Each structure stands twice: as structure tokens, then as C-alpha cells.
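Residues per chain, in single letters:
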Amino acid sequence: QLPGISGIETMRKIRSLASLEGTPVIVVTARAMLGDRDELMNEGFDDYLAKPYLPADLVDLVQKWTGG
């Protein structure tokens, strides 16, 4: 949990900055119940990673979005 701001609010702020236009935003969350992924993706995140996760899973997502 972020102090004082939600992940959704943070993503919206990132999306509002022209200097970050096109920057992928991946939600890393403990919200892993049925429907949570769809709900968060519908909010505007580019991808989703549920905790706990393997470090390789995060590396794979970063590489997916950076072309690496």
C-alpha cells in the first residue's frame, strides 16, 4: 500500500504527465481475487502482477514492455 495515495491515483497522475506519455504502468499488487485483474486493467494499467511473485516474473514483464 502506498502512503496517502492509491495505486490507481498514482497511475492516473503518471498518465496525466505529457513527459511520461507512452510509459507503461504495471500494477504490482496483493489484490489477486477473482476479478481483481480485470478491474485493475479496466482502470488503465498496462499489465498486472500479483504478489507473491518470482523475481523472474517481474523481469519478464519489464522486458515485455521495454522490448528487452
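Just above sits the structure.
Residues numbered from 1 in each chain as written. Predicted model: local features only at pLDDT ≥ 70, side-chain atom pairs only at ≥ 80, totals over all residues. Heavy atoms only, no water.

### Things to note about the pairing of strand β1 (residues 26-29)
At step 1: Only one face of β1 is buried, namely the one carrying Val27 and Thr29, since none of Ile26 and Val28 on the opposite face is buried.
At step 2: Relative to strand β2 (residues 47-50), β1 runs parallel, the two being bridged by four bridges. Note on β2: the bridge partner recorded for Val27 is Tyr48. (Buried < 20%, exposed > 50% of the residue type's maximum accessible area, 1.4 Å probe, protein only. Helix = DSSP H or I, 4+ residues; strand = E, 2+ residues; numbered from the N terminus. Pairing = 2+ DSSP bridges.)

### Details of unusual backbone geometry
At step 1: The linkage connecting Lys51 with the following residue, Pro52, adopts the cis geometry, with an omega of -10 degrees.
At step 2: Note on placement: Pro52 falls in the loop between β2 and α3 (55-66).

### What to know about the pattern of salt bridges
At step 1: Applying the stated criterion across every chain, the model contains six salt bridges.
At step 2: Measuring nitrogen to oxygen at the nearest pair gives 2.5 Å for the salt bridge that ties Glu43 to Arg12. Of this pair, Glu43 sits in helix α2 (residues 36-43) while Arg12 sits in helix α1 (residues 7-16), placing them 31 residues apart in sequence.
At step 3: You can call Arg12 partly exposed: its relative accessible area is 47%.
At step 4: Each of Arg31, Asp36 and Glu39 takes part in salt bridges that share partners, so that together they form one network. (Salt bridge = Lys/Arg side-chain N within 4 Å of Asp/Glu carboxyl O.)

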